[in-house]
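Examining the three-dimensional arrangement
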Amino acid sequence: MELTKNLSWSKARDILKDWRENNQRRSVEVVEIWETVLASKIHKLGDDRFVLLEQVSIAALDCNRIDVAASCIHTLIKEFPNSLRVRSLIVMKLEAQERYDEALDHLDTIIKLDESNTTARKRKICILKAKNKIPEAIKELTEYLKKFMTDQETWQELCDLYLAEGDYSKAAFCMEELFLHHPHNHLLHQRYADILYTMGGPEQLELATSHYLMAINLNAKNIRALYGLLLTSQQLQNSAKTTSNKKKEASKRVVWVSKRLKQLYQEATGNTESLNELMGSLQVS
Amino acid sequence: MGSTGFHKVVFIIGICFLVHAAVSAAQRKLTEQEFTSLSLDIVVQGILSLIACMYAIIYMAGDLKEIRATEELENKSWETLRNIPSYYIFSHRGRTLSPAYDPTSVGKSLIDE
């Protein structure tokens, strides 16, 4: 309730736009802003209102507020009776109500009408996912990727599903595919290194180290990558399989990273006392 | 690089000369019967005043920023990057918090199979 206090409609519109463009989920807040501020001011929004209605209906479905979603979708249907995009919103509503068979019927007609409609194909995969049929969803995703190879979202989704199944090497492959598209994205390097670190083993740890370093190189303030580098280097340092040369390098990195983390922590909080304690408990034995 | 009084003066003088050059060129075109080309002094005045304006405005426009490939990604977190709207599923535990949630109406599709 804090959020919507004294919120003007133009401010609310800007907040929702920001969330929409930055892919923030925040469904509860979206619905709250909609109900308290924007619902009565919808006519003031001009052509923006349609995207906004779409955003609100998805958010409402996400918090199981079928009533809110239904009224938004209803407005959209009146405006665009033949739009496939609105139709996939109807499908999402059916999904939220767990009427999966009806949803699938709709999706099949959409795909028949428009072969290249990726949203409908993605929704079909989501239905499998919602039914917790992860292996089937993975199979469908690989089929999808054979047709639409450059769809980065799907590579990412496939990566997440492989992780859910514990298939780390395949998840790592998906990540590799992703940073071929975005070599300058530090988060992808960090994520890839996280996966490799989870896999364990000397070779993977070496590779994880270089990707953590790459992430730090691209963004010096990536704390997670710094901690990742600290942990991988500590493991390499303590492992019996590493050569003495590499051990020396690893311990150098440990010293450097600890110093850097302390410095960043100091900048943020002003003291490092508690960090020392926390660092001690970080060790994986 | 802060803007100083000197740069502001240079800018104002530059603009004045530039406008003057333009006005005299227009005048010449109106008065001369057979207009062929601009005289050298107007051309030189125009170019010099333009250079002066450019020089001053670089200093007045404020500090220049470094262009970095990762600038926009710097403040993003994995949480926003991993969130993919096309792959949302709605049958998650969060829905039980909704006032409209009816525990008897959902979950049937899973039990039926």
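Predicted model, so just to flag it, every value in this text is computed and none were measured.

1. Some points on the interface of chain B and chain A
Taken together, the contact pairs 32 residues of chain B with 39 residues of chain A. Between chain B and chain A lies a buried interface of about 3500 Å² when both sides are counted; carbon and sulfur atoms form 54% of it. Among the residues chain B hides against chain A, the three largest losses belong to Trp78(B), Tyr87(B) and Phe90(B). Together they make up 25% of the total. One can count two salt bridges joining chain B with chain A. Residues Asp160(A) and Arg82(B) are paired through a salt bridge, measuring 3.8 Å at the closest nitrogen-oxygen approach. Elements with a contribution of two residues or more to the side of chain B that touches chain A: helix 3 (78-82) and helix 4 (108-112) of chain B. Among the elements that take part in the side of chain B that touches chain A, helix 3 of chain B stands out by supplying four residues, more than any other. Of the residues in the side of chain B that touches chain A, the class split is 15 nonpolar, ten polar and seven charged.

2. What to know about the nonpolar core
Within the largest apolar cluster, 55 residues are counted, with the highest numbers of intra-cluster contacts made by Leu158(A), Cys159(A), Met175(A), Ile195(A) and Tyr87(B). Here Ile195(A) is in contact with Cys159(A), Leu163(A), Tyr168(A), Ala171(A), Ala172(A) and Met175(A), once residues within four sequence places are set aside. In terms of nonpolar packing, the next biggest core, distinct from the first, is built from 32 residues, Ile33(A), Leu61(A), Leu76(A) and Tyr88(B) among them.

3. So, the pattern of salt bridges
Residues and elements named next belong to chain A. On inspection of all chains with the given rule, the structure shows 19 salt bridges over all chains. Note that Arg65 and Asp67 form a salt bridge whose closest N and O atoms lie 3.5 Å from each other. With relative accessibility at 15%, the residue Arg65 sits in the buried group. The class of Asp67 is partly exposed, set by a relative accessible area of 45%. The network of salt bridges with shared partners includes Glu35, Arg65 and Asp67.

4. Some points on the domain arrangement of chain A
Interfaces are often described in size by the accessible area the parts lose on coming together. Considered domain by domain, chain A is made up of domain 1 (1-81), domain 2 (93-174) and domain 3 (184-285). Measuring from the centre of the C-alpha atoms in domain 1 of chain A to the corresponding centre in domain 2 of chain A gives 26 Å.

5. Details of the confidence of the model for chain B
Residue and element names in this part refer to chain B. Looking at chain B, pLDDT values average 80 and 82% of them are 70 or higher. By mean pLDDT, the top-scoring element of chain B is helix 2 (residues 40-60) (90), and the lowest-scoring one is helix 4 (52). Here the predicted complex carries an ipTM of 0.75, next to a pTM of 0.76.

6. Focus on the environment of Asn23(A)
Residue placement: Asn23(A) occurs in the loop between helix 1 (9-21) and helix 2 (27-38). Its relative accessible area of 26% is what places Asn23(A) among the partly exposed residues. Leaving out residues up to four positions away in the same chain, Asn23(A) has contacts with Thr80(B), Asn83(B) and Pro85(B).

7. Side note on the packing of aromatic side chains
Applying the stated criterion across every chain, the model contains five aromatic pairs over all chains. Residues Phe179(A) and Tyr192(A) carry aromatic rings whose centres are separated by 5.0 Å and whose planes lie at 80 degrees to one another, so their mutual orientation is edge-to-face. A residue pair is termed long-range when its members are at least 10 positions apart, and Phe179(A) in helix 10 (residues 168-181) and Tyr192(A) in helix 11 (residues 186-199) qualify at 13 residues. Here Phe179(A) and Tyr192(A) have matching classes, each one buried. The ring of Tyr88(B) carries the charged tip of Arg25(A) above its face, separated from the ring centre by 3.9 Å.

8. A word on the packing of helix 6 (residues 100-113) of chain A against helix 7 (residues 118-130) of chain A
All names here are of chain A. Where helix 6 contacts helix 7, the axes come no closer than 9 Å and their chain directions differ by 160 degrees. With respect to helix 7, the element helix 6 is oriented roughly antiparallel. Note on packing geometry: the crossing formed by helix 6 with helix 7 is left-handed. Seen from helix 6, the contacting residues are Tyr100, Ala103, Leu104, Leu107, Asp108, Ile110 and Ile111; seen from helix 7, they are Ala120, Arg121, Arg123, Lys124, Ile127 and Ala130. Residues that form the contact of helix 6 with helix 7 fall into these classes: nine nonpolar, no polar and four charged.

9. Some thoughts on the layout of surface pockets
Empty space left among the atoms is revealed by rolling a probe the size of a water molecule over them. Here the largest pocket defines a volume of roughly 530 Å³. What lines the largest pocket is a set of 25 residues, among which Glu54(A), Ile58(A), Pro85(B), Ser86(B) and Tyr88(B) lie closest to the centre. Put simply, the parts of the chain that give the lining of the largest pocket at least two residues each are helix 1, helix 2, helix 3 (48-62), helix 5 (84-96) and helix 7 of chain A. Looking at which element gives the most residues to the lining of the largest pocket, the answer is helix 3 of chain A, with six residues.

Criteria and thresholds
- Residues numbered from 1 in each chain as written.
- Chains lettered and ligands numbered in written order.
- Predicted model: local features only at pLDDT ≥ 70, side-chain atom pairs only at ≥ 80, totals over all residues.
- Heavy atoms only, no water.
- Contact = heavy atoms within 4.5 Å.
- Buried area = accessible area lost by both parts, 1.4 Å probe.
- Salt bridge = Lys/Arg side-chain N within 4 Å of Asp/Glu carboxyl O.
- Helix = DSSP H or I, 4+ residues; strand = E, 2+ residues; numbered from the N terminus.
- Nonpolar A, V, L, I, M, F, W, Y, C, P; charged D, E, K, R; others polar.
- Core = buried A, V, L, I, M, F, W, Y, C linked by side-chain atoms within 4.5 Å.
- Buried < 20%, exposed > 50% of the residue type's maximum accessible area, 1.4 Å probe, protein only.
- Domains from an automatic or database assignment.
- pLDDT = per-residue confidence, 0-100.
- Phe/Tyr/Trp six-rings, centres within 6.5 Å; stacked < 30°, edge-to-face > 60°.
- Lys NZ or Arg CZ within 6 Å of the ring centre and 35° of its normal.
- Axes fitted to C-alpha atoms, helices over the stretch in contact; angles between N-to-C directions.
- Parallel < 35°, antiparallel > 145°, perpendicular 65-115°, else oblique.
- Left-handed = near helix turned anticlockwise from the far one by under 90°.
- 1 Å grid on protein atoms, 1.4 Å probe; cavity = no way out; pocket = protein on both sides within 12 Å on 5 of 7 lines; lining within 4 Å.
- Points joined across faces, edges and corners; volume = space filled by probe spheres on them.

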